[in-house]
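# Survey of secondary and tertiary structure
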Amino acid sequence: MTDNTDPSSAAAGNPGDPGGPVPAAVPPLGMAARRGGSAAAALGHVVRRLRQPLPGAQPRLRFEMPPEYTGQGPEADNDGDEEPQFGHPGPRMSPQHPLYMGFMGTVGVGLALLVYWIGSHTTQLLLWIVAALFIALGLEPVVGWLENRTIPRPAGILVSVTILMGIVVGFFATLIPTIVEQVSEIVRQAPEWVRNFMDSDFFRSLDDQFGVRDRVTEELQKFVNDPAAMGGIFGGVVGFGSTVANGLFGALIVLVLSLYFLAALPAMKKWAYRLAPRSRRKRVAALSEEITRSVGNYVIGQACVAILNAIFAFVVMTIVGIPFALLLAFVVVLLAFIPLVGGVIAGIVVILVSLTQGWQAAAIYAVCYFAYLQFEAYFISPRIMQKAVAVPGAVAVISVIAGGSLLGVLGALIAIPTAAAVLLLVREIYIVRQDQH
């Protein structure tokens, strides 16, 4: 007897029937989880393989610090098991030996001449290095503050440098269009100012007595007809362009060096301390840390004082109606970085410009600005600089003038921290030694 049951109908039978067909199996939830886990494990395996060096690759060489000699003999440094790679240091030659004295004296003179020759031919590079080191020491307190809050040092360096570059770029992005506009306005109004001056009674009296107008016209004609003078103008334009290009290149070099110095500052300090004798190393480290801390706090404090000075000057110039307020505020913030005399020079410059609006505007600005300088000297600066440096007034003025004469603006900026470092060394080393005799 033939069974005519439809397979499809049999498949659609009651699943609970013992004689019925078995339904299709549904994958359990654990299998999906195992598949996800295997995918994650495979991804992790790929990541680990990518992080492993290539076959045959060697680790990058690093300049390691040598082990510290304890001075208790070779066995104490190497446990008497193995010989050092370059052997043990031998006994030093007696300084009273004639050969030693003559040779070391000759070497000393030769090294001094070599250092002088290198310094005289790499002055610009040395200035860049000093500026970069100054910036690195200024950012070090910020990086240290971030490190104390469990932020890794590379991340702290990146954050601090990014914020600094953002402030500088934003400042110049806002300032440059305004400077171009205001300089163009000065150039446009300059002929009118000259015309008004030439029509004034003062100039007419001078012209009647000395023939100033004819003399100026004659000199202008000579200048225009002189090819050497016109070539000098072209050469001045080319020289200005090369100066701007060199300035941008120097700024890039200083930025890169600042990053390197900031990243390697702990290692640089450690290496510098190892150059001192082991018996004096702790004292050298303490004095150096105090100097670097004072320099860093001084840079940050002086930047805050200069910015507050420029903000106050800009507000007063805007209220009084002095022209080119933003351009003059930029001049104020640059000059205010120079301690002691920078604020006074900035005030004089703005007062001279404000005289174009009348003596009333100049008088109001002079009273407000110099009153602010007194408030800054007795209330703002002591609170900002309380963790920085303490230098007597006469020493500060002399150091600023000397630094400006030697290195220009950079010398004036680093003059007070340098003077503070010298005073600290004199107080803690020379005076203490003199008191002991």
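Residues numbered from 1 in each chain as written. Predicted model: local features only at pLDDT ≥ 70, side-chain atom pairs only at ≥ 80, totals over all residues. Heavy atoms only, no water.

### Let's talk about the overall build of the protein
The helix and strand tally for the protein stands at 15 helices and 0 strands. Burial statistics for the protein: of 437 residues in total, 23% are counted as buried. Here the analysis covers contacts within the protein between residues at least 6 apart in sequence; of these, 65% occur between residues at least 24 apart. When the accessible surface of the protein is totalled, it reaches about 30,800 Å², and 69% of it is carbon and sulfur. (Helix = DSSP H or I, 4+ residues; strand = E, 2+ residues; numbered from the N terminus. Buried < 20%, exposed > 50% of the residue type's maximum accessible area, 1.4 Å probe, protein only. Contact = heavy atoms within 4.5 Å. Areas by Shrake-Rupley, 256 points an atom, 1.4 Å probe, with all protein chains shown as cover.)

### Some thoughts on unusual backbone geometry
In this structure, Thr150 takes a positive phi of about 60° despite not being glycine. The residue Thr150 is located in the loop between α5 (123–147) and α6 (153–198) in this model. Residue classification places Thr150 among the exposed residues on the basis of a relative accessible area of 75%.

### Points about the packing of aromatic side chains
Inspection of the entire model under this criterion finds 5 aromatic pairs. Both rings, one in Phe312 and one in Tyr372, keep their centres 4.4 Å apart while their planes meet at 15°; by these two values the pair is stacked. With Phe312 in helix α10 (residues 281–320) and Tyr372 in helix α13 (residues 359–384), this pair connects stretches of sequence that are 60 residues apart. A residue is classified by how much of its surface remains accessible, and Phe312, at 27% relative accessible area, is partly exposed. Centre to centre, the rings of Tyr365 and Tyr369 are 5.5 Å apart; their planes meet at 10°, and the pair counts as stacked. Within this pair, Tyr365 and its partner Tyr369 are both found in helix α13, separated by 4 residues, close to a single helical turn. The same class applies to Tyr365 as to Tyr369, namely buried. (Phe/Tyr/Trp six-rings, centres within 6.5 Å; stacked < 30°, edge-to-face > 60°.)

### Points about a nonpolar patch on the surface
Side chains of Ile135, Leu164, Val168, Phe171, Phe172, Ile176 and Val180 sit close together on the surface and give an oily, nonpolar patch of about 540 Å² of accessible area. Here the nonpolar patch takes 6 residues from α6, the largest share from any one element. By the element assignment, Val180 lies in helix α6. (Patch = residues over 30% accessible without salt bridge, like charges linked within 9 Å, V, L, I, M, F, W, Y side chains within 5 Å. Salt bridge = Lys/Arg side-chain N within 4 Å of Asp/Glu carboxyl O.)

### Side note on the pattern of salt bridges
Inspection of every chain in the model, using the stated rule, returns 5 salt bridges. The salt bridge involving Arg153 is made with Glu147; its shortest N-O contact spans 3.2 Å. Its relative accessible area of 12% is what places Arg153 among the buried residues. With relative accessibility at 35%, the residue Glu147 sits in the partly exposed group. Note that Glu289 is salt-bridged to Lys269, the shortest N-O span being 3.4 Å. Taken together, the residues span a long stretch of sequence, with Glu289 in helix α10 and Lys269 in helix α9 (residues 227–274) at a distance of 20 residues. Relative accessible area serves as the criterion here: at 16%, Lys269 is assigned to the buried category. Connected via shared salt-bridge partners are Glu140, Glu147 and Arg153.

### Quick look at the packing of α10 against helix α11 (residues 325–336)
Contact geometry for α10 and α11: axes closest at 8 Å, N-to-C directions at 155°. One element, α10, and the other, α11, form an angle in the roughly antiparallel class. The two elements α10 and α11 meet at a crossing, and its hand is right-handed. Mapping the contact onto sequence places Gln302, Ala306, Ile307, Asn309, Ala310, Ala313, Phe314, Met317 and Thr318 in α10 and Ala325, Leu326, Leu328, Ala329, Val332, Val333 and Ala336 in α11. Considering only residue class, the contact of α10 with α11 consists of 13 nonpolar, 3 polar and no charged. (Axes fitted to C-alpha atoms, helices over the stretch in contact; angles between N-to-C directions. Parallel < 35°, antiparallel > 145°, perpendicular 65-115°, else oblique. Left-handed = near helix turned anticlockwise from the far one by under 90°. Nonpolar A, V, L, I, M, F, W, Y, C, P; charged D, E, K, R; others polar.)

### A word on the confidence of the model for the protein
The share of residues in the protein with pLDDT of 70 or more is 76%, and the mean pLDDT across the chain is 76. Mean pLDDT in the protein bottoms out at helix α1 (residues 7–11), which sits at 44, and peaks at helix α4 (residues 98–121), which reaches 87. In this model residues 1–20 is a low-confidence stretch, pLDDT under 50, and it forms 4 contacts with partners more than four residues away in sequence or in other chains. Ignoring residues within four places in sequence, the model shows residues 73–77, a span with pLDDT below 50, making 6 contacts including any to other chains. (pLDDT = per-residue confidence, 0-100.)

### Here's the deal with the environment of His121
Locating His121 in the fold gives a position in helix α4. Classification of His121 as exposed rests on a relative accessible area of 55%. At 2.8 Å, the side chain of His121 forms a polar contact with the backbone oxygen of Trp117. At a separation of 3.1 Å, a polar atom in the side chain of His121 contacts the side chain of Ser120. (Polar contact = N/O pair within 3.5 Å; in protein donor to acceptor, adjacent residues only side chain to side chain.)

### Digging into helix α15 (residues 409–435)
An α-helix turns once every 3.6 residues. As a result, residues three or four positions apart point the same way. For α15, with 27 residues, the first-to-last C-alpha span of 38 Å sits near the 39 Å given by 1.5 Å per residue. For α15, the complete set of buried residues consists of Leu410, Gly411, Ala412, Leu413, Ile414, Ala415, Ile416, Pro417, Ala419, Ala420, Ala421 and Leu424. (Expected span 1.5 Å × (residues − 1).)

### Re the side chain of Ser160
Note that Ser160 resides in helix α6. You can call Ser160 buried: its relative accessible area is 5%. A polar side-chain atom of Ser160 sits 3.0 Å from the main-chain carbonyl oxygen of Ile157. Among all residues touching Ser160, those that are not within four sequence positions of it are Val142, Val143 and Leu262.

### Structural notes on the packing of α5 against α15
Where α5 contacts α15, the two axes come as close as 11 Å, and the packing angle between them is 50°. Between α5 and α15, the angle falls in the class oblique. Both α5 and α15 take part in a crossing whose hand is left-handed. Contact residues: Leu127, Val130, Ala131 and Phe134 in α5; Leu410, Leu413, Ile414 and Pro417 in α15. Residue classes in the contact of α5 with α15 are distributed as 8 nonpolar, no polar and no charged.

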